[in-house]
Amino acid sequence: MNIEFVGRDAIIQAENMAFTYQVANIPRVLEDGGRVNDLDFNGKQSYIGDYVVYPYGASNDLPDLIKDVVQNNSLAPGILTKKSQLLWGSGPQLYQERFEKGVLIKDWQDNATVRAWLDSWDYEDYLLKLDIDYQYMQGVYSKFELTKGSRIGKNFIHSLESIEPSKARLGRIRTATSPKPTHVITNDWSFATPLSLDCKVYGKFDFTKPFALKNSILYSNLYSFCTDFYTIPDLYGSLEWLRRSTATPLILKAYAKNSINLKYHIVSPKAYWDEKEEEIQNRCKLAGVTYEKKLLYAYEQELLKKISDVLSGEENSGKYWHTKKILEVDAHNILEHGWEIHVIDQKVKDFIDAYISISDRADRAVSAGIGLHGALGNVSENGKSDSGSEQIYALKNYMATGIDIPQMIIMKAMNYALRANFPELNLKMGFYHIQPEKEQDVNPDKRLKNIV
């Protein structure tokens, strides 16, 4: 028998059958078809020393959740990279704003003094990281570091540094009377792991007092409706579609590899595994040995083999699998914790066609959820290439509506630093873009087909 794990889920192949297996994260997964309320974290908090930490996600792991789901998908990373490239354009440049006959003009220019400051630290790498972080989370962290001269009154921001969203959280002092975040707590590892007293605490950057702190952090983000402090990224609503899109090639791979139709899909409640893990931990404690996750993993493999023995083979027709269901009262709802075994109708063509249709629908839903036109993300009906005109209009529409707000959020820390270091220059930084033109509107010798 072969067991191929994908996180906590698995595809099990026995001698003459195969089935898929899934662990439901919380009981509600079994009740509403898989939807998990990870948005219910407003007002929650944890503590590190003298500081309150505001969680990002129900389990304080929303950035890690987004990363895991996206990176396991074949489509989403490429679309997000494409969005990063489109926003980056020809790269970051300096400009001044002015009005000309009632029209706002960006006067792109260079400045030797500012350029020398930018070249003294890797500003392009900093902005590129923020560009990528924004596409995933629509919120970015920037750390301000002042020069040593600031200690003697020579105020100047030395550089900016990006902080990964998984390694930073908003917080405040425990004794503060207002819930408004006043600090940013950083960790050397993801906050999805248990909190540690080794975390570093920084004051939030105040643009009205840019030189008040030697080091401070700014969290600039897109506001989410009725959500305190953090952004709920647009990707969140597409997570289930992402999972469906990711699962399809794995299922088809198992079918092609084993030439066996999937007969069953089994769902087990996470509560079962939490109880089993606690039981194994207690056994280890009584035996005086250290508990390790691999013990639970080994038990899971052994259990799946037993399930496989029960479900496969004609000689096992009289066997059965027995589990208990536990009822839990959750407000006005009664939730059931129990195993579920679903029989899959073995119609090979219908089975494959169904999964391909789901994958196609999931791909389009993912593209729409990410917010990039299919013509720009290479996601189109039936794999057909979009026409040049459709791509041009999609690009023009994106540049007219999809650049200004992301650029404002990404460049907020940079523009605060420019204002603080060079107040007399009135300079801002943005991403420079060349307006797209149709090929027939371009001189023949400069057309793309004659350049590439």
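Below is a short write-up of the structure. (Residues numbered from 1 in each chain as written. Predicted model: local features only at pLDDT ≥ 70, side-chain atom pairs only at ≥ 80, totals over all residues. Heavy atoms only, no water.)

A short note on the sheet that holds strand β18 (residues 428-431)
No. 1: Spatially, the 3 strands line up as an open sheet ordered β7-β6-β18, and their pairing is antiparallel. Looking at which strands have only one partner, the edges of the open sheet turn out to be β7 (103-109) and β18. Each strand of the sheet is rotated relative to its neighbour by a mean of 55°, with strand direction disregarded.
No. 2: As defined by bridge partners, strand β6 (residues 92-100) adjoins β7 across 7 bridges and the pair is classed as antiparallel. Pairing of Phe99 across the sheet is with Leu104, part of β7. (Pairing = 2+ DSSP bridges. Helix = DSSP H or I, 4+ residues; strand = E, 2+ residues; numbered from the N terminus. Axes fitted to C-alpha atoms, helices over the stretch in contact; angles between N-to-C directions.)

Structural notes on the environment of Phe191
No. 1: Relative to the elements of secondary structure, Phe191 occurs in the loop between β11 (183-186) and β12 (200-204).
No. 2: Exposure remark for Phe191: the relative accessible area of 2% places this residue in the buried category.
No. 3: Each C-alpha atom of the pair Phe191 and Asn60 lies 6.6 Å from the other, and the pair is 131 residues apart in sequence.
No. 4: When residues no more than four places from it in sequence are discounted, the contact partners of Phe191 are Ile48, Val53, Asn60, Ser166, Lys167, Ala168, Arg169, Ile185, Thr186 and Cys199. (Buried < 20%, exposed > 50% of the residue type's maximum accessible area, 1.4 Å probe, protein only. Contact = heavy atoms within 4.5 Å.)

Description of the side chain of Ser166
No. 1: Looking at the secondary structure, you find Ser166 in the loop between β9 (157-163) and β10 (168-173).
No. 2: Ignoring anything within four residues of it in the chain, the contact list for Ser166 reads Pro63, Asp64, Trp189, Ser190 and Phe191.

Details of the sheet that holds strand β4 (residues 46-48)
No. 1: In space, the 8 strands of this open sheet follow the order β4-β5-β10-β11-β12-β13-β8-β9, with mixed pairing throughout. Looking at strand neighbours, the two that pair on one side only are β4 and β9, the edges of this open sheet. Between one strand axis and the next, the sheet turns through 40° on average, direction left out of account.
No. 2: Relative to strand β8 (residues 139-146), helix α5 (residues 123-137) is tilted by about 150°, and along the sheet it contacts β8 and β9.
No. 3: Of the strands in this sheet, β8, β9 and β13 (215-221) touch helix α13 (residues 412-421), which is tilted by about 175° from β9.

Remarks on unusual backbone geometry
No. 1: Even without glycine at this site, Cys226 takes up a positive phi of about 55°.
No. 2: Mapped onto the secondary structure, Cys226 falls in the loop between β13 and α6 (239-258).

Side note on the nonpolar core
No. 1: By size, the foremost hydrophobic cluster in this structure holds 72 residues, and its most contacted members are Val114, Trp117, Leu127, Phe144, Leu160, Met414 and Met429.
No. 2: With 7 residues, the single largest contributor to this core is α5.
No. 3: Apart from the residues lying within four places of it in its own chain, the contact partners of Met429 are Pro92, Gln93, Leu94, Tyr95, Leu118, Tyr123, Leu127, Met411, Met414, Asn415 and Leu418. (Core = buried A, V, L, I, M, F, W, Y, C linked by side-chain atoms within 4.5 Å.)

Things to note about the pattern of salt bridges
No. 1: Applying the stated criterion across every chain, the model contains 12 salt bridges.
No. 2: Salt-bridge contacts for Glu302 lead to Lys306; the nearest nitrogen and oxygen are separated by 3.8 Å. On the criterion of helical spacing, the pair formed by Glu302 and Lys306 is a turn pair, its members being 4 residues apart in helix α8 (residues 293-311).
No. 3: Overall, Glu302 belongs to the partly exposed group, its relative accessible area being 44%.
No. 4: A residue is classified by how much of its surface remains accessible, and Lys306, at 45% relative accessible area, is partly exposed.
No. 5: Beyond isolated ion pairs, a larger network of salt bridges with shared partners links Glu240, Arg243 and Arg244. (Salt bridge = Lys/Arg side-chain N within 4 Å of Asp/Glu carboxyl O.)

Details of the pairing of β8
No. 1: Most of β8 is tucked away: 7 of the 8 residues are buried.
No. 2: Across 7 bridges, β8 lies against β13 in antiparallel orientation. Bridged to Glu145 within β13 is Asn215.
No. 3: By the bridge criterion, 6 bridges tie β8 to β9 in an arrangement that is antiparallel. Paired with Leu146 across the bridge in β9 is Ile157.

Description of the packing of aromatic side chains
No. 1: One pass over the structure, following the stated rule, counts 19 aromatic pairs.
No. 2: Centre to centre, the rings of Tyr95 and Trp108 are 5.0 Å apart; their planes meet at 55°, and the pair counts as tilted. Taken together, the residues span a long stretch of sequence, with Tyr95 in strand β6 and Trp108 in strand β7 at a distance of 13 residues.
No. 3: The exposure class of Tyr95 is buried, given its relative accessible area of 5%.
No. 4: Overall, the relative accessible area of 28% leaves Trp108 in the partly exposed class.
No. 5: Look at Phe207 and Tyr416: their rings are 5.1 Å apart centre to centre, the planes differ by 5°, and that puts the pair in the stacked class. Taken together, the positions of Phe207 in the loop between β12 and β13 and Tyr416 in helix α13 put the pair 209 residues apart, joining distant regions of the chain. (Phe/Tyr/Trp six-rings, centres within 6.5 Å; stacked < 30°, edge-to-face > 60°.)

Digging into the packing of helix α3 (residues 76-88) against α5
No. 1: Orientation of α3 relative to α5, taken along the N-to-C sense of each, is 130°, at an axis distance of 9 Å. One finds that α3 runs oblique with respect to α5. Crossing of α3 against α5: the hand is right-handed. Touching Pro77, Leu80, Lys83, Ser84, Leu87 and Trp88 of α3 are Glu124, Leu127, Leu128, Asp131, Ile132, Gln135 and Tyr136, all from α5.
No. 2: Tallied by class, the residues present in the contact of α3 with α5 amount to 8 nonpolar, 2 polar and 3 charged. (Parallel < 35°, antiparallel > 145°, perpendicular 65-115°, else oblique. Left-handed = near helix turned anticlockwise from the far one by under 90°. Nonpolar A, V, L, I, M, F, W, Y, C, P; charged D, E, K, R; others polar.)

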